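# Chain and residue survey
One-letter residues, chain by chain:
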Amino acid sequence: MILEHLIGFTLGVLLDRMIGDPHGFPHPIRLIGTLIGWLDRKLNCQKEGAGPEDQLRKEKSKKSAHGKTIFLGAVTWLVVVSATVLVTFIIMFSAYKLHVVIGVVVEAVLTCYILAAKSLSDESMVVYKRMEADGGDLTEARKALSMIVGRDTENLDEAAITRAVVETIAENTSDGVIAPLIYTFIGGPVLGFAYKAVNTMDSMLGYHNDRYEYFGRVAARMDDVFNFVPARLSALMMVLAAFIGGRDYSGKRAFTVFKRDRYNHKSPNSAQTESACAGALGVRLGGDSSYFGKLVHKPYIGDDTRPVERADIKRAARLMFLTEYLWVAVLLALGILFVAT
């Protein structure tokens, strides 16, 4: 089955590169999101937007209440991951039981769904093209940006929009491309979708606000755990990609900034690839941003060697793809070596 897995994996990577996530097609991740949302509504008793009196009441509440909320968040995490693993396993087992060719095809399609390289590139290029076509009016570019980032976009200028897109590409090179790639290679779509479930829960529940501070704690921590090694592997491969990517990148600077700034983020993982990308491009990322009307202070990542420009969106996307190609080559080489021995 190892050879069939390698074939399905390779075809899935190629499918993602060619078609990505076609609009209008059903996507399994949306089903996972629906399950998370349903469990959130059923089990999470915390309220958003607590006022001063509510906040005071929360501060005086017993620790056991917070413990119960954390426990229910853990139950949510376990149910979502277990259901995802079970359903994916049944699909894969049934497909290969019917015929090996059917199994390979199903594995390829599911692998394509797991990866997000082309979708990330396409969504980023929408912002780029709207900046190119707007003639100075950034309204449409801000709207497109709001679809791929969590920060407030209404008042961002062109440089801030560009930085936000580059940061999104850089961060998601790890958790949207390389991490699912590695997990899927190791455990097929079953492990790949388990990872996607973990990552989706973090994106939906892992907020520091009144509603999710406790309920989303397990989701956030487990996402950190699942991404700890892949984030660092992604960053190191991005540094290598910068060395061989041509004159638009500096591998030496990518490695220097990576070593210095890879922890300039509240998350232990997010700044790993952001620092490598910032160094490769010679721009400064990070800094303060507004989320849900509140200013969040964040450290800078990278050096202000030159002003960020629109073309950096294309450069960041190309660096992401090059990083992915290098990892695909490494993984397939390992797989072929394993089959040969």
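Per chain, residues are indexed from 1 in the order of the written sequence. Where local features are concerned, this predicted model is filtered to residues with pLDDT of at least 70; where side-chain atom pairs are given and counted, the filter is 80 or more; whole-chain, interface and lining totals use all residues. To get the side-chain values, all heavy atoms of the structure are used, and hydrogens and water are removed first.

The subject of this paragraph is the overall build of the chain. Numbering goes from the N terminus for both helices and strands, where a helix is a DSSP run of H or I of at least four residues and a strand is a run of E of at least two. Regarding its fold elements, the chain presents 12 helices and 4 strands. When we talk radius of gyration, it's over C-alpha atoms, and the globule rule is simply 2.2 Å times the number of residues to the 0.38. Over its C-alpha trace the chain gives a radius of gyration of 21 Å, about what one expects of a compact globule, namely 20 Å for 341 residues. The C-alpha extent of the chain, read off along each of the three principal axes, is 65 × 50 × 40 Å. Each residue's exposure class comes from its accessible area (1.4 Å probe, protein chains only) as a fraction of the maximum for that residue type: buried when under 20%, exposed when over 50%, partly exposed otherwise. For the chain, the residues scored as buried account for 50% of the 341 residues in total. The contact definition used throughout considers only heavy atoms, calling two residues in contact when any of these lie within 4.5 Å. Summarising the internal contacts of the chain: among those between residues at least 6 apart in sequence, 73% fall at separations of at least 24. In this tally Asp and Glu are treated as negative and Lys and Arg as positive; neither His nor the chain ends contributes. Lys charges are placed at NZ, Arg charges at CZ, Asp charges at CG and Glu charges at CD. Seen as two clouds, the 39 positive and the 36 negative side-chain charges of the chain have centres 4 Å apart.

On to the side chain of Asn-44. Along the chain, Asn-44 falls in the loop between helix 2 (28–43) and helix 3 (52–60). In terms of polar contacts, Asn-44 uses its side chain to reach the backbone carbonyl oxygen of Arg-211, at 3.1 Å. Not counting chain neighbours up to four residues away, the residues in contact with Asn-44 comprise Leu-39, Thr-69, Arg-211, Tyr-212 and Phe-215. Between N or O atoms, a polar contact is any pair within 3.5 Å; within protein, one atom must be a potential hydrogen donor and the other a potential acceptor, and residues adjacent in sequence are included only when both atoms are from side chains.

A few words on the environment of Gly-37. Within the secondary structure layout, Gly-37 lies in helix 2. For Gly-37 and Leu-205, which are 168 residues apart along the polypeptide, the C-alpha to C-alpha distance reads 9.2 Å.

The next point concerns the confidence of the model for the chain. What pLDDT reports is the predictor's confidence in each residue, on a scale of 0 through 100. For the chain, per-residue confidence averages 91 on the pLDDT scale, and 93% of positions sit at 70 or higher. With pLDDT under 50 throughout, residues 49–53 is counted as low confidence; its partners more than four residues away or in other chains account for 3 contacts.

Another point: the packing of helix 11 (residues 270–281) against helix 12 (residues 311–340). With axes taken as lines fitted to C-alpha atoms, and helix axes fitted only over the stretch in contact, angles between N-to-C directions fall between 0 and 180 degrees. Remark: helix 11 packs on helix 12, axes separated minimally by 11 Å, with the N-to-C direction vectors making an angle of 125 degrees. In terms of their interaxial angle, helix 11 and helix 12 are classed as oblique. Handedness of the crossing formed by helix 11 with helix 12: right-handed. For the pair helix 11 and helix 12, the contacting residues are Cys-277, Ala-280 and Leu-281 in the first and Asp-312, Arg-315, Ala-316 and Leu-319 in the second. Gly is placed with the polar residues, together with every amino acid not listed as nonpolar (Ala, Val, Leu, Ile, Met, Phe, Trp, Tyr, Cys and Pro) or charged (Asp, Glu, Lys and Arg). Of the residues assigned to the contact of helix 11 with helix 12, the class counts are 5 nonpolar, no polar and 2 charged. Angle categories are assigned with fixed cut-offs, so that under 35 degrees is roughly parallel, over 145 is roughly antiparallel, 65 to 115 is roughly perpendicular, and the rest are oblique. Put simply, a crossing is left-handed when the front helix is turned counterclockwise from the back one by less than a right angle, and right-handed when it is turned clockwise.

Another point: the packing of aromatic side chains. Aromatic pairing here means that ring centres of Phe, Tyr or Trp (its six-membered ring) are within 6.5 Å. Orientation follows from the plane angle: under 30 degrees is stacked, over 60 is edge-to-face, and everything else is tilted. Across all of its chains, the model carries 7 aromatic pairs by this definition. Taken together, Trp-77, Tyr-183, Tyr-195 and Phe-226 form an aromatic cluster joined through their ring pairs. Over the face of the ring belonging to Phe-258 we find Arg-262, whose NZ or CZ atom lies 5.5 Å from the ring centre. Comment: the charge-over-ring label is applied if NZ (Lys) or CZ (Arg) is within 6 Å of the ring centre and within 35 degrees of the ring normal.

Another point: helix 10 (residues 251–261). Buried within helix 10 we find Gly-251, Ala-254, Val-257, Phe-258 and Asp-261. The buried side chains of helix 10 occupy one side of the element, clustering within an arc of 130 degrees when seen end-on. The secondary structure elements touched by the buried residues of helix 10 are helix 9 (217–244), helix 11 and strand 4 (300–301). Capping of helix 10 at its N-terminal end is provided by Ser-250; its side-chain oxygen lies 3.1 Å from the backbone amide nitrogen of Arg-253. By definition, the arc is the one covered by directions from the helix axis to the C-beta atoms.

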